[in-house]
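Coordinate inspection notes
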Amino acid sequence: MRDRTRTDPTRCSNALLRQAMRGVGQLYDEGLAPSGLRATQHGLLATVARLGAPTMGALADTLVMDLSGLVRTLRPLTRDGYLRLVPDARDRRVRLVALTPLGEAKLAETSRLWRAVQDRFEAAFGRERAAELRRVHAVLASREFRAAFLSGRAVDPPGGPTEAPGGPGA
């Protein structure tokens with residue numbers, strides 16, 4: 001008899017993560033709706049604020065996005081005056097992404113709404129579980145995880161590299 005768990009879509013990490021992210025994303029989008037921005041747009045403004053005026057490449061890397069996807073995501077935020085793209089003084093071919101004063105005000109508004117949604121998420125899911133979820137997601141979004149995945153190894157624990165189940169030595 002075939003091992004059905006190997007082809008069972010309910011055991012697909014990608015499908016379950018995407019479903020969870022869509023569901024949680026909808027909750028955050030609903031909470032931020034009064035601002036006119038989506039949660040992803042709030043996150044982008046917050047990331048630009050945290051990084052200062054990052055290059056497009058650095059911002060894409062931080063958000064784990066490709067440049068074309070970033071450009072599409074930036075378009076409405078620049079059109080509406082929340083962000084501006086400015087040439088880098090050291091290399092005029094490089095564009096920096098900067099918050100405008102209007103963007104700073106919008107970020108303050110969305111941050112209040114986001115905080116309320118974040119508090120509701122943590123109340124429903126549990127603060128400790130939410131913190132663990134963020135730690136796990138940080139690993140999954142890391143370069144180290146991508147390298148481990150591509151090499152067939154587990155992410156290195158503090159004691160050194162280990163082989164993932166089903167990796168090259170299996």
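See the structure shown above.
Okay, so let's go over this structure. What you see is a predicted model; the values in this text were computed from it and never measured.

1. Considerations on the overall build of the chain
Assigned secondary structure in the chain consists of seven helices and four strands. Put simply, the chain runs from its N terminus to its C terminus through helices and strands in the order α-α-α-α-β-β-α-α-α-β-β. When each of the 170 residues of the chain is scored for burial, the buried share is 26%. Of the roughly 11,700 Å² of accessible surface on the chain, 57% is carried by carbon and sulfur atoms.

2. Some thoughts on the side chain of Gln118
Here Gln118 lies in helix α5 (residues 101–125). Residue classification places Gln118 among the buried positions, given a relative accessible area of 9%. Dropping the residues within four chain positions of it, Gln118 is found in contact with Tyr28 and Arg134.

3. Observations regarding a nonpolar patch on the surface
A contiguous nonpolar patch, built from Leu17, Val136 and Leu140 and spanning about 210 Å² of accessible area, is present on the exposed surface. Mapped onto the elements of the fold, Leu17 is located in helix α1 (residues 13–32). Exposure remark for Leu17: the relative accessible area of 36% places this residue in the partly exposed category.

4. Digging into the environment of Lys106
With respect to the helices and strands, the residue Lys106 is situated in helix α5. Taking the C-alpha atoms as reference points, Lys106 and Leu37, 69 residues apart in sequence, are found 9.0 Å from one another. Apart from the residues within four sequence positions on either side, Lys106 is in contact with Ser35, Leu37, Leu45 and Tyr82. A polar contact is formed between the side chain of Lys106 and the backbone oxygen of Ser35, at a distance of 2.7 Å.

Conventions and cut-offs
- One numbering rule holds for all chains: residues counted from 1, following each sequence as written.
- Local features in this predicted model are restricted to residues whose pLDDT is 70 or higher, and side-chain atom pairs enter the listing and the counts only when it is 80 or higher, whereas totals over whole chains, interfaces and linings include all residues.
- As a rule here, side-chain values come from all non-hydrogen atoms in the structure, and water together with hydrogens is ignored.
- The helix count covers DSSP runs of H or I at least four residues long, the strand count covers runs of E at least two residues long, and both are numbered beginning at the N terminus.
- Burial classification: accessible surface area is computed with a 1.4 Å probe over protein chains only, and a residue below 20% of its type maximum counts as buried, one above 50% as exposed, and the rest as partly exposed.
- Using the Shrake-Rupley algorithm and a 1.4 Å probe, accessible areas are obtained, with residue cover drawn only from the displayed protein chains.
- Note on definitions: a residue-residue contact is assigned when non-hydrogen atoms from the two residues lie within 4.5 Å.
- Only residues whose relative accessible area exceeds 30% and that form no salt bridge are eligible for patches; like-charged ones are grouped when within 9 Å, while nonpolar side chains (Val, Leu, Ile, Met, Phe, Trp, Tyr) are grouped when within 5 Å.
- Any carboxyl oxygen of Asp or Glu within 4 Å of a side-chain nitrogen of Lys or Arg constitutes a salt bridge here.
- Two N or O atoms form a polar contact when they lie within 3.5 Å of each other; inside protein one atom must be a possible hydrogen donor and the other a possible acceptor, and for residues adjacent in sequence the pair counts only when both atoms belong to side chains.

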